[in-house]
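# Structure at a glance
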Amino acid sequence: GVLRMTGLPSDLSDRVALVTGGTGALGRAVVRRLLAGGARVHVTWRGERERTDFTAFLGRDAAAVTLHRVDLAAAAEVSALFGALAAAPARLDILACIAGGFAAGAIEDTAPDAWDRMVAVNATSVFLCCRAAVPLLRGARGRGRIVTVAARPALERGAAGMSAYAASKAAVLNLTYSLASELLADGITVNAIVPTVIDTAANRAAMPEADTASWLSPEDLAEVVAWLAGAGAGVVTGSAINLARG
């Protein structure tokens, strides 16, 4: 059976969602929250270990998720993914682009392949998925939703020591704005969430001395993604939603 959480709205009960990066810390929370709302969920993955860990994390709810092994920066693989979605169940209501990556370093220490990787995992993946998703989302009868994940440096004139990451997330944010305008007449909303530091095992390991009191839990973010995906946010588009805990 699909996980049901007391007190959560079930306005996603007839929705089909694709969550890229659904096996990661934030992606898992988003998948679990969409399942709690009753959605059918498709999830992308790359490595075998992440697939097995994700299946174990979901437990009995794994039956409600369809997994797809995809390199999201490879156009042919993304096209094949959406070809499979178009075949069955032949519809898509929600595209949550959660997949991404982070790298820091001074510009002279940033190798060209590190730049390419940031652009590929953060920006190209979103472009390819949105490009392939739009024909399906148009069939959602005004309920099509795209949610992306930007970053504070994309809004705040960049950040020292993470130029490649900041630039790639700025591309995501501008793509979000552009698609919101382009798809308005199709009834497809396009919004970005803009979190501060997310409380994940990886971030705690990377910043062991940090004060985590203001960090956001993945579940915090998942609630906002679920709201943007639901009926209540049908008039919200082209927004960069700042998320922070004081």
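Scroll up for the structure.
These lines cover the structure that appears in this document, whether it is placed above or below. Everything numeric here is computed off the predicted structure, so don't read it as measured data.

A few words on unusual backbone geometry. Located in the positive-phi region is arginine 141, a residue other than glycine, with phi close to 55 degrees. Tracing the sequence through the fold places arginine 141 in the loop between α4 (112-138) and β5 (145-149). Arginine 141 sits in the exposed class, given a relative accessible area of 61%. Even without being glycine, arginine 157 reaches a positive phi, approximately 60 degrees. Following the sequence through the fold, arginine 157 ends up in the loop between α5 (152-155) and α6 (163-182).

Once that is clear, we can look at the sheet that holds β5. Strands sit in the order β3-β2-β1-β4-β5-β6-β7 across an open sheet of seven strands; the sheet is parallel. Edge positions in the open sheet fall to β3 (65-69) and β7 (240-243), since each of these has one partner strand only. On average, adjacent strands in this sheet sit at an angle of 20 degrees to one another, irrespective of strand direction. Judged from the five bridges that link them, β5 and strand β6 (residues 189-195) form a sheet pairing that is parallel. For isoleucine 146, the partnering residue across the bridge sits in β6 and is valine 190. The strands touched by α6 are β5, β6 and β7; relative to β6, the strand with the most contacts, the crossing angle is about 150 degrees. Of the strands in this sheet, β4 (94-97), β5, β6 and β7 touch helix α8 (residues 218-229), which is tilted by about 170 degrees from β6.

For α4, spanning 27 residues, the distance from its first C-alpha to its last is 37 Å, which sits close to the expected 39 Å at 1.5 Å a residue. Taking the largest bend as the criterion, α4 deviates by roughly 40 degrees, centred on alanine 120.

Judged by nonpolar contacts, the single largest core of 35 residues is most densely connected at Val31, Leu34, Val41 and Ile193. Among the elements that take part in this core, α8 stands out by supplying seven residues, more than any other. Discounting chain neighbours no more than four positions away, the residues touching isoleucine 193 are Val147, Thr148, Val149, Ala150, Leu221, Val224, Val225, Leu228, Ile241 and Leu243. One finds Val78, Leu95, Ala123 and Cys130 within the second-largest nonpolar core, a separate group that totals 30 residues.

Mapped onto the fold, threonine 23 is located in the loop between β1 (16-20) and α1 (25-36). Assessed through its relative accessible area of 10%, threonine 23 is described here as buried.

A full pass over the atoms with the stated rule returns eleven salt bridges. Across the salt bridge formed by aspartate 71 and arginine 46, the nearest N and O atoms sit 3.7 Å from each other. One end of the pair, aspartate 71, is in the loop between β3 and α3 (75-87); the other, arginine 46, is in the loop between β2 (40-45) and α2 (48-58), with 25 residues separating them in the sequence. Overall, the relative accessible area of 23% leaves aspartate 71 in the partly exposed class. Among the ionic pairs, arginine 245 bridges to aspartate 220, the shortest N-O distance being 2.8 Å. Separated by 25 residues along the polypeptide, arginine 245 in the segment after β7 and aspartate 220 in helix α8 bring together distant segments of the chain.

For the rest of this paragraph, the subject is the pairing of β6. Within β6, seven of the seven residues are buried, which leaves the element mostly enclosed by the surrounding structure. Neither face of β6 is exposed, since Thr189, Asn191, Ile193 and Pro195 on one face and Val190, Ala192 and Val194 on the opposite face are all buried. Sheet analysis places β6 next to β7, joined by four bridges and oriented parallel. Looking at β7, one finds that alanine 192 is bridged to alanine 240.

Rules behind the numbers
- Residues numbered from 1 in each chain as written.
- Predicted model: local features only at pLDDT ≥ 70, side-chain atom pairs only at ≥ 80, totals over all residues.
- Heavy atoms only, no water.
- Helix = DSSP H or I, 4+ residues; strand = E, 2+ residues; numbered from the N terminus.
- Buried < 20%, exposed > 50% of the residue type's maximum accessible area, 1.4 Å probe, protein only.
- Pairing = 2+ DSSP bridges.
- Axes fitted to C-alpha atoms, helices over the stretch in contact; angles between N-to-C directions.
- Contact = heavy atoms within 4.5 Å.
- Expected span 1.5 Å × (residues − 1).
- Bend = angle between axes of the 7 residues up to and from the residue.
- Core = buried A, V, L, I, M, F, W, Y, C linked by side-chain atoms within 4.5 Å.
- Salt bridge = Lys/Arg side-chain N within 4 Å of Asp/Glu carboxyl O.

From the geometry alone we can't say anything about function, so treat these as descriptive.
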